[in-house]
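Take a look at the letters that make up each chain.
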Amino acid sequence: MTYGHRPVMLDEVQRIIDAGPGALYIDATVGGGGHTERLAEMAGPRGGVLGLDRDPEALKAAGVRLARFGDRVKLVHARFSELERVARASGFLGADGILLDLGLSSGQVDVEERGFSYHGSAPLDMRMDQTSGGPTAADLVNGLPEEELARILRDYGEERWASRIASFIVQARRRSRIETAADLVEIVKAAIPAGARRRGPHPARRTFQALRIAVNDELGELERALEQVPAVLAAGGRMVVISYHSLEDRLVKRFLRDAERGCRCPPDFPDCRCGRRPTLKVLTRRPLRPGAREVAENPRSRSAKLRAAQRL
Ligand SMILES: C[S@@+](CC[C@H](N)C(=O)[O-])C[C@H]1O[C@@H](n2cnc3c(N)ncnc32)[C@H](O)[C@@H]1O
């Protein structure tokens, strides 16, 4: 299996996160290893990189790519919601930089059997970690109550036809179990009125995004990881997050605003009662976007938004 993936906004990440030779970095989303490689080059012989990924296949391929760095790159199969525990166990508490490059790698999308793509007839799996034993997308579409399916499609896919699609899914699964990506695409196409289907991207795109987010608890994972960042970074250390859809970006933006403000008391309290202090300084008032040239060369970068902050 190949994990070819072009790292997004690589130079921007370097410009923000570079702490000079000897630095310790954490790449919480190794994927194809492109960012990890750059971080390892920046850290040099006296520094190191801790790389996490929940996908064991990605880590295996990245291990080959990064072998030349020897034990200066340590790869761990873990979810980034385990950031603090893994950083402590690996000697990376007080890191100089943390990168989260969210979503899927091209390697995951392009391997049809993973079931992420709506362009195939693979089983509906969508687990980033197929060893996890957690539910697959097929388990969700065949098992969840109709209202819960509609909620997932609405909240995670921002799908305006959520209720109709959920209702069509429930009718279809009464006839036979929905097994493949192609089965689901047919159902979604039937549910969305023809006029609406002709506009915009592939009609099943939002449904697939929603299921993928639910299967992997992507927003819960992100929220738990961000909360741990201040405890893992050294003073002055920097965090970079690259997100690819508005739900993630909104969550990152809200987290940064709260971390910068510290106090979370209601505005009508005369004095702070929560006692929270600011932990981060935001470095990007607006998210950075890839340049036109990068988007032309790598269309998958087009939705990227990069936000960064520095530990106080
Ligand atoms: C966009 S790719 C990263 C690409 C990488 N920066 C590169 O240059 O090749 C995102 C990666 O994050 C991993 N991932 C997503 N959610 C994760 C989580 N909660 N914990 C750990 N890894 C996760 C995915 O398995 C995937 O390999």
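Residues numbered from 1 in each chain as written. Predicted model: local features only at pLDDT ≥ 70, side-chain atom pairs only at ≥ 80, totals over all residues. Heavy atoms only, no water.

**Q** What is the right way to read the side chain of serine 301 from this model?
**A** By the element assignment, serine 301 lies in the loop between helix H14 (292–297) and strand E7 (305–311). Residues contacting serine 301, with those up to four places away along its chain left out, are Val8, Pro290, Glu294 and Val295. (Helix = DSSP H or I, 4+ residues; strand = E, 2+ residues; numbered from the N terminus. Contact = heavy atoms within 4.5 Å.)

**Q** Sorry if this is basic, but what is going on with the domain arrangement of the protein here?
**A** One widely used convention gives an interface's size as the accessible area the parts lose upon coming together. Annotation of the protein at the domain level lists domain 1 (10–107 + 218–311) and domain 2 (129–215). Just the C-alpha atoms count here: the centres of domain 1 and domain 2 sit 30 Å apart. The interface is formed by eleven residues belonging to domain 1 together with eight residues belonging to domain 2. Buried surface at the junction of domain 1 and domain 2, both sides included, amounts to about 840 Å², of which 52% is carbon and sulfur. Looking at the side of domain 1 facing domain 2, the largest losses of area belong to Glu218, His245 and Leu247, adding up to 48% of the total buried there. In this assembly, domain 1 and domain 2 are joined by two salt bridges. A salt bridge links arginine 212 to glutamate 218, with the shortest nitrogen-to-oxygen separation between them at 2.8 Å. Our count for the domain 1 to domain 2 interface comes out at five residue pairs in polar contact (both at pLDDT 80 or more). Broken down by secondary-structure element, the contributors of at least two residues to the side of domain 1 that touches domain 2 are helix H12 (218–232) and helix H13 (246–261). (Domains from an automatic or database assignment. Buried area = accessible area lost by both parts, 1.4 Å probe. Salt bridge = Lys/Arg side-chain N within 4 Å of Asp/Glu carboxyl O. Polar contact = N/O pair within 3.5 Å; in protein donor to acceptor, adjacent residues only side chain to side chain.)

**Q** Looking at this structure, how should I read helix H8 (residues 162–175)?
**A** Count 3.6 residues to each turn of an α-helix, and residues three or four apart come out pointing the same way. Over its 14 residues, H8 runs 21 Å from end to end, which matches the ideal 20 Å to within 8%, given 1.5 Å per residue. Listing the buried residues of H8 in full gives Ala162, Ile165, Ala166, Ile169, Val170 and Ala172. In a view along the axis of H8, the buried residues occupy a sector of 165 degrees, so they form one face of it. Of the exposed residues in H8, the ones pointing more than 90 degrees away from its buried face are Arg174 and Arg175. Where H8 is buried, its residues meet helix H6 (137–143), helix H7 (146–157), helix H9 (181–191) and helix H11 (205–215). (Expected span 1.5 Å × (residues − 1). Buried < 20%, exposed > 50% of the residue type's maximum accessible area, 1.4 Å probe, protein only. Arc of directions from axis to C-beta.)

**Q** For this particular structure, what's the right way to read the layout of surface pockets?
**A** Over the atoms, a rolling probe the size of a water molecule traces out where space has been left empty. Of the voids in this model, the largest pocket is the one considered here, and its volume is about 920 Å³. Looking at the largest pocket, it is lined by 29 residues, and the ones nearest its centre are Arg205, Arg212, Arg300, Arg302 and Ser303. Elements with a contribution of two residues or more to the lining of the largest pocket: helix H5 (106–110), H11 and H13. Considering each element in turn, the lining of the largest pocket owes the most residues, four residues, to H11. If you count residues domain by domain, the lining of the largest pocket takes at least three from each of domain 1 (10–107 + 218–311) and domain 2 (129–215). Of the voids in this model, the second largest pocket is the one considered here, and its volume is about 340 Å³. (1 Å grid on protein atoms, 1.4 Å probe; cavity = no way out; pocket = protein on both sides within 12 Å on 5 of 7 lines; lining within 4 Å. Points joined across faces, edges and corners; volume = space filled by probe spheres on them.)

**Q** Even after reading the chapter, I still don't get the site of the ligand, so can you show me in this structure?
**A** Around the ligand there are 24 residues in total, and His35, Asp53, Phe80, Asp101 and Glu221 lie nearest to it. One nitrogen or oxygen atom from the main chain of glycine 33 is found 3.3 Å from an oxygen atom belonging to the ligand. The side chain of aspartate 101 places a nitrogen or oxygen atom 2.7 Å from a nitrogen atom of the ligand. Burial of the ligand by the protein chains amounts to 99% of its free accessible area of 600 Å². In a pocket analysis with a 2 Å cut-off to the grid points, the ligand is assigned to the largest cavity. (Near = heavy atom within 4 Å. Areas by Shrake-Rupley, 256 points an atom, 1.4 Å probe, with all protein chains shown as cover. Sits in = over half its atoms within 2 Å of the grid points.)

**Q** Would you mind going over the nonpolar core with me for this structure?
**A** Side chains of a nonpolar character, in soluble globular proteins, are inclined to be buried together. Ile26, Leu124, Leu184 and Met239 are the most contacted members of the largest nonpolar core, which totals 69 residues. When residues of this core are sorted by domain, at least three fall in each of domain 1 (10–107 + 218–311) and domain 2 (129–215). Sequence-distant contacts of leucine 124, that is, excluding residues within four places in its chain, are made with Gly115, Thr136, Ala137, Ala138, Val141, Ile178, Glu179, Thr180, Ala181, Leu184 and Phe208. Among the nonpolar cores identified, the runner-up in size contains 25 residues, and Val13, Tyr25, Leu59 and Tyr244 belong to it. (Core = buried A, V, L, I, M, F, W, Y, C linked by side-chain atoms within 4.5 Å.)

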